[in-house]
Amino acid sequence: MMGFQGARAMSEAAEPDPHDALRAFLREQVRLSPNRKPSGYASVRAVLPEIKALKAKCRTDAEIRELLIARGITLSLATLQHYIKTATRELAGHKPVRRRGKARAPASAGIAPMPVRHEPVPVQPATAAREPLPARGHAPGSNAVVGHRLSTKDL
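Residues numbered from 1 in each chain as written. Predicted model: local features only at pLDDT ≥ 70, side-chain atom pairs only at ≥ 80, totals over all residues. Heavy atoms only, no water.

A. Fine view of helix H6 (residues 77–91). With 15 residues, H6 extends 21 Å between its outermost C-alpha atoms, agreeing within 8% with the 21 Å of an ideal straight helix rising 1.5 Å per residue. All buried positions along H6 are accounted for by Leu 80, Ile 84 and Ala 87. One face of H6 carries all of its buried residues, which in axial projection span an arc of 75°. Turned more than 90 degrees from where H6 packs its buried face, Ala 78 and Lys 85 sit exposed. Those residues of H6 hidden inside the fold are in contact with helix H3 (40–46), helix H4 (48–56) and helix H5 (61–70). (Helix = DSSP H or I, 4+ residues; strand = E, 2+ residues; numbered from the N terminus. Expected span 1.5 Å × (residues − 1). Buried < 20%, exposed > 50% of the residue type's maximum accessible area, 1.4 Å probe, protein only. Arc of directions from axis to C-beta. Contact = heavy atoms within 4.5 Å.)

Structure (structure tokens):
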């Protein structure tokens, strides 16, 4: 066992690591790469107190947008308004709402959902003649129905 580890250590010392050149190259790329510009939302969230102060001084969202554009943050007016609303809620302690796809009802604990059976509805041919209704709205011989309630006589 000791002989195997000793042989391995000797082979590693004799051969340079093939990844050393790659590591050196990538470290150099990291050093040369410029820092990323913060996102529009991160910028709005960072200056939210100042935006609120401008709004308190009766500045409109369009005017605030123009000030941000002058500093290189390009957002549409609707996006700026959405970012302000979201950042305000987030700073107030509300969890950000992410809505993607269809809304789902929360699953009940331990109860499996009932499968829904879809049965085909019989289709009447378009050429089938329909019986005309009488002028007063009641078919002859049928019980008169008042309002939306049905009679319980036949049940």
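Having put the structure on the table, let's press on.
B. Highlighting the side chain of Asp 61. In this fold, Asp 61 is placed in helix H5. Judged by its relative accessible area of 15%, Asp 61 falls in the buried class. Other than its neighbours up to four places away in sequence, Asp 61 contacts Lys 55, Leu 77, Leu 80, Gln 81 and Ile 84.

Structural measurements only, silent on function.
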